[in-house]
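Single-letter residue listing:
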Amino acid sequence: MLLLACVLGASLQDALATGASERRRVEIGLKIFRATLAADQNLQRKLDQQERLAIVLFFAHDRASAERYRQQLEQPGGLLAYRLRVVLSDDPALQERSETPPAAVFITESRLPLADLRSLQAFSARHSRLLFSPFEADVERGVAAGVFIGARVQPYVSLSALRESGVKLQGFFLGIAKTID
């Protein structure tokens, strides 16, 4: 019985540590996301009629966390000169957003099913919009931009995903980012 309690306790601690680590990664990602958006060469063309940038926070299951991230992202600050209109969605096809696509999509949960990730990538490519994920390995899985945490924290960009989506980032930003092709 003691062994079972130790195993369950370790699993719970691991789960809590993973959850805290992922939350921290998203919070760091929200800051880098703003800088990535600011580097979009065609950002001004993506403003809505009220001169705001529409952003979709995509969540698969955890709407409450996505809502907290929305509140963080809506706070002014960073390099962006535009106000944000942040909406939540759990539809990987983003069908409600096809008529007026958002400026970018930010993924708020790790380990999305590959089908959901592919659907978000297709939306990004179809509408020339930035797809961003702060989670490890998502850039390698085809997301255009994310976060690299090594000796220092820096933007992480897939050049091939950028080409596929038609999103063009400014050269200075690519110069400070870790890139893969």
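Residues numbered from 1 in each chain as written. Predicted model: local features only at pLDDT ≥ 70, side-chain atom pairs only at ≥ 80, totals over all residues. Heavy atoms only, no water.

Engineer: Quick question: what am I supposed to make of the packing of aromatic side chains here?
Structural biologist: For the structure on display, the rule yields four aromatic pairs. An angle of 65 degrees between the planes, with centres 5.3 Å apart, marks the rings of phenylalanine 33 and phenylalanine 132 as edge-to-face. Taken together, the positions of phenylalanine 33 in helix H1 (residues 2–38) and phenylalanine 132 in strand E4 (residues 130–133) put the pair 99 residues apart, joining distant regions of the chain. Here the two residues phenylalanine 33 and phenylalanine 132 agree in accessibility, since each one is buried. Aromatic ring contacts, followed pair by pair, group Phe33, Phe106 and Phe132 into a single cluster. Lying across the ring of phenylalanine 148, lysine 178 places its NZ or CZ 4.8 Å from the centre. (Phe/Tyr/Trp six-rings, centres within 6.5 Å; stacked < 30°, edge-to-face > 60°. Helix = DSSP H or I, 4+ residues; strand = E, 2+ residues; numbered from the N terminus. Buried < 20%, exposed > 50% of the residue type's maximum accessible area, 1.4 Å probe, protein only. Lys NZ or Arg CZ within 6 Å of the ring centre and 35° of its normal.)

Engineer: I would appreciate a short explanation of the pattern of salt bridges in the present structure.
Structural biologist: Going through the model one piece at a time under the given rule, you end up with eight salt bridges. A salt bridge links lysine 46 to aspartate 40; its shortest N-O distance comes to 2.6 Å. Like lysine 46, the residue aspartate 40 is buried in the burial classification. The salt bridge involving arginine 70 is made with glutamate 67; its shortest N-O contact spans 2.5 Å. Pair noted here: arginine 70 and glutamate 67 are both in helix H2 (residues 63–74), with a separation of three residues, about one helical turn. Overall, glutamate 67 belongs to the partly exposed group, its relative accessible area being 25%. Ionic contacts of the salt-bridge type, sharing partners, join the residues Asp48, Arg52 and Arg85 into one network. (Salt bridge = Lys/Arg side-chain N within 4 Å of Asp/Glu carboxyl O.)

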